[in-house]
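# Tertiary structure, described
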Amino acid sequence: MTIIKRGLAALAAGALSSALAAPASAEPVKFDFWFGLSGDLARVVDTLCKNFNASQSDYEVVCTSQGNYDATLQNTIAAFRAGKQPTVVQVYDVGTATMMLSGAYKPADKLMEENGYKIDYSDYFPGIARYYATSKGEMLSFPFNSSTALMYWNKDAFAKIGKTEAPKTWEDVGADLKALKDAGYDCPMAINISGNESWQLMEQFSAIHNQPIATKNNGYDGLDARLEVNKTKFVQYVTDLKKWYDAGLIKIKSKDLGQDMVQAFATGTCQVIMSSVGDHGTVGKTKKEGMNWDVAELPVYAGTERKNSLVGGASLWVLSGKSDAEYKGAAAFLNFIHDPKTALFWSTNTGYIPVTKSGFEYMKSSGFYDKAPYKGREVAIASLTASEPTEITRGIRLGNFTQIRAEFGTQMQAIFANKESVQDGIDALVKNGDAILDRFQQTYPNKTLP
Amino acid sequence: MEKRVTFGRWTIGILFAVPQLILIFTFFYWPAGQAVYWSLTLQQPWGGGNIWVGLDNFRSILANADYWNSITASLTFAAISTGLAMVIALVLATLTDRQLAGSRLYRVVLIWPYGIAAPALALAFRFILAPEAGFMAAVNKFWPGFWDPGLDGADAMASVIIAFSWKYVGYNFIFFLAALQAIPRSLIEAAAMDGSGVVRRFWDIQFPLITPTIFFLLVINITESFQDSFGIVDIMTSGGPANATNLMVYKIYSDGFRGLDYSGAAAQSIILMLLIILLTIVQFRFIERRVHYR
């Protein structure tokens, strides 16, 4: 018995040492990538990482999900303060201003240049690129999972009221919702009014109507920007939403209450929702048997010249303080993600859109958008590229924006519960939001956005 | 011949206390001191420049209406949930204490809830109390708009109070039952022979004898309702609607971690700590006088 054991141990040791003795240069350089997606999407990221590791033998990326975007940023900051940060990290759109002032990153364009990769930055859709670029146009991080908001509508329900097209203006939406109600639909449209829905309701709405969220071109021109949504078309919009809610045309759906918007739409309970194109796959997979549905661009008020909608999702930042070898690996990884073939893989398996024109063309030419489950996703590209980005529609560059979004949720809840009038609620949002911005500016004295 | 290593009184005392002192210092005084320092500065999340601002953080917090709302919400939550959890637990413990068939089973069933982790508990109650699914949906059908924790702050507060009390009923129950069982049977039997009823016996004999336990649980429950409510609030209401359930401990989390405002959160933690110390002093000063220690 012991002899066998000893023999096995010797064999194992021999195998091990010969493995170690194999060419030392074959040992790949490992580097960490932390991301915030979970569940189904995390599995797609894992596959992406495996594909990268299989595509070459010099580097090995170790991909770790941190659960969600908030946790990813928190954990990364904690790790950075302890000197144990990952090389690449995924940061959500609203964390961009915070990242830019952190002084904790290596600009992505510099990284690529230093490592000999030539990236054509004009290939990125301008609405996507400018969200993550400095005011001078330098790319500090690379867009990764990008999306925008769309209107999901139930074709069967609209057929009942004699419509074959989604409403294009908010005036039409009002009339259609009324007709749907009269046709016996209990929940013509669902919205949610938590902080995260600031994205659809406030940010996307303001962009396509070319209305500012804040002064100084939405914060691009300085940390002293302050909110001004209480003076824009946004007030009219919330007034209309509240009016429709009071008339029973809109229902509030959230996970806390048992069913979120996307579920409410997919089960046929509610006929219209506004949600990320990232949910396109989920609706397709979970919809009620035989339900006909489609997506359309978010409506605008009559007489509005439509502008591009905002990009949502997250980008990849390379953190400072790592070795040259790790940076080489990170550059190879970013280059791999930039590849149109990776874009096709990524968009097929998630609902996210390709971030480059070449990626989009590649997908179009491979017939992606003609196939049943993916048909409609090209609307997101149309929405993002509806116009050349203006000073206002290139993005939002406000510090502590997560807290401002939370404040948005708080005030919307107060408005919808009749605790405050629409104007008072939005005024309070501006006042409290300004205090948050003020605090951010105090935290970074004498600093300016790059 | 005596072979004994001798230490001076002080040396041996300190020697035994050192490991504990090190632990307390590392895990309590040092982080607490750090929190005090952070509360007097503006911390940049990624480190680097920290600006000394003195008491500015406290000033801006105390000038904020949302913060006062959060204090009111916390006090309401503490008062109602502690009251509920203690009264229900005491009633159940009194009932189980009597020689009933199957009382062992009750005991096990009642002790269980405390063993359930807050997130699991909150998820279960989120489902049970959802307005459009489960039990409350039936109530809403009968009486439309009766239950709406998504927009009605009082309903949301009721939800988190129910979940929190439910958990602490189990905890309190264990202590109450132990206290009741420690009362000599002979006392109660003597009273019964003198012809006093169940209620009379409870108020004249059992209640005074378990006042130390009641007092202990009161202090613990109030403290926990300020500190342990976080998980339940996070999963059930996220502090909403319109800040109705934004308890102090939850606000510290959301400002500090989600909002990356470490200094503001540190200042709030210190205020919370002072408030809990104050409440505990009040309880020892005014309520403990009524406690009979045997």
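This text follows the structure it describes.
An account of the accompanying structure is given in this report.

Procedures and definitions
- Residues numbered from 1 in each chain as written.
- Chains lettered and ligands numbered in written order.
- Predicted model: local features only at pLDDT ≥ 70, side-chain atom pairs only at ≥ 80, totals over all residues.
- Heavy atoms only, no water.
- Helix = DSSP H or I, 4+ residues; strand = E, 2+ residues; numbered from the N terminus.
- Rg over C-alpha atoms; globule rule 2.2 N^0.38 Å.
- Buried < 20%, exposed > 50% of the residue type's maximum accessible area, 1.4 Å probe, protein only.
- Contact = heavy atoms within 4.5 Å.
- Areas by Shrake-Rupley, 256 points an atom, 1.4 Å probe, with all protein chains shown as cover.
- Polar contact = N/O pair within 3.5 Å; in protein donor to acceptor, adjacent residues only side chain to side chain.
- Buried area = accessible area lost by both parts, 1.4 Å probe.
- Nonpolar A, V, L, I, M, F, W, Y, C, P; charged D, E, K, R; others polar.
- Pairing = 2+ DSSP bridges.
- Axes fitted to C-alpha atoms, helices over the stretch in contact; angles between N-to-C directions.
- Salt bridge = Lys/Arg side-chain N within 4 Å of Asp/Glu carboxyl O.
- Core = buried A, V, L, I, M, F, W, Y, C linked by side-chain atoms within 4.5 Å.

## Some remarks on the overall build of chain A
Scanning chain A from N- to C-terminus turns up 19 helices and 11 strands. For 450 residues, the compact-globule estimate of 2.2 N^0.38 gives 22 Å, and chain A sits close to it at 24 Å. Seen through its C-alpha atoms, chain A measures out along the principal axes to roughly 85 × 60 × 45 Å. Relative to its full complement of 450 residues, chain A shows a buried share of 58%.

## Some points on the overall build of chain B
The helix and strand tally for chain B stands at 13 helices and two strands. A globule of 294 residues ought to have a C-alpha radius of gyration of about 19 Å, yet chain B, at 24 Å, is considerably larger. For the C-alpha atoms alone, the extent of chain B along its principal axes is close to 90 × 75 × 30 Å. Of the contacts made within chain B by residues no fewer than 6 positions apart, 69% connect residues no fewer than 24 positions apart. Just so you have it, chain B exposes about 16300 Å², and 70% of that area is on carbon and sulfur atoms.

## Re unusual backbone geometry
Note the cis peptide between Gly240(B) and Pro241(B), where omega equals -10 degrees. In this structure, Pro241(B) sits in the loop between helix H11 (230-236) and helix H12 (248-258). Despite not being glycine, Asn217(A) shows a phi value in the positive range, around 50 degrees. Turning to its location among the elements, Asn217(A) is positioned in helix H10 (residues 215-218).

## Points about the side chain of Gln259(A)
Residue and element names in this part refer to chain A. Its location among the elements puts Gln259 in the loop between strand S8 (250-252) and helix H12 (261-266). At 3.4 Å, the side chain of Gln259 forms a polar contact with the side chain of Thr267. Among residues more than four places away in sequence, those in contact with Gln259 are Lys253, Ser254, Ala264, Thr267 and Thr269.

## A short note on the interface of chain A and chain B
Listed by partner, the interface residues are 36 residues for chain A and 35 residues for chain B. Carbon and sulfur atoms make up 55% of the surface buried where chain A meets chain B, a total of about 3000 Å² over both sides. In this assembly, chain A and chain B are joined by eight residue pairs in polar contact (both at pLDDT 80 or more). Among the elements of the structure, helix H3 (69-81), helix H4 (96-102), helix H18 (401-416) and helix H19 (422-443) of chain A are those that each provide at least two residues to the side of chain A that touches chain B. By residue class, the composition of the side of chain A that touches chain B is 15 nonpolar, 13 polar and eight charged.

## Some thoughts on the sheet that holds strand S7 (residues 187-191) of chain A
Residues and elements named next belong to chain A. Taking strand neighbours across the sheet as the criterion, the five strands line up as S8-S7-S9-S6-S10 in an open arrangement whose pairing is mixed. Bordering the open sheet on either side are S8 and strand S10 (293-296), each of which pairs with just one other strand. Across the sheet, the mean angle separating the axes of adjacent strands is 30 degrees when strand polarity is ignored. The sheet contact formed by strand S6 (residues 149-154) and strand S9 (residues 270-276) spans five bridges and is antiparallel. Counted as the bridge partner of Leu150 is Ser275 from S9. Those strands touched by helix H8 (residues 170-182) are S6, S7, S8 and S9, and its axis lies near 130 degrees from that of S7.

## What to know about the pairing of S7(A)
Taken residue by residue, a regular strand's side chains alternate between the two faces of the sheet. All names here are of chain A. Most of S7 sits inside the fold, with five of its five residues counted as buried. Across two bridges, S7 lies against S9 in parallel orientation. By the bridge assignment, Cys187 is partnered in S9 with Cys270. Sheet topology note: the S7/S8 ladder contains three bridges and is parallel. Residue Ala190 lies in a different strand from S8, and its bridge partner there is Lys251.

## Considerations on the pattern of salt bridges
Enumeration according to the criterion identifies 22 salt bridges over all chains in this entry. Lys251(B) is the salt-bridge partner of Asp255(B), the closest N and O atoms lying 3.3 Å from each other. Of this pair, Asp255(B) and Lys251(B) both sit in helix H12, four residues apart, roughly one helical turn. We note that Asp255(B), like Lys251(B), is buried. Put simply, Asp40(A), Arg43(A) and Lys285(A) are held in one network by salt bridges that share partners.

## So, the nonpolar core
If you look at soluble globular proteins, the nonpolar side chains tend to sit buried side by side. If you look at the biggest cluster of nonpolar residues, it comprises 149 residues, and the most contacted ones within it are Phe33(A) and Trp170(A). Element by element, the count of residues in this core is highest for helix H14 (residues 324-338) of chain A, at eight residues. For Phe33(A), the residues in contact, after removing those within four places along its chain, are Val45(A), Cys49(A), Val61(A), Val62(A), Cys63(A), Thr64(A), Val88(A), Val89(A), Gln90(A), Leu316(A) and Phe333(A). One finds Leu121(B), Ile161(B), Phe176(B) and Leu247(B) within the second-largest nonpolar core, a separate group that totals 43 residues.

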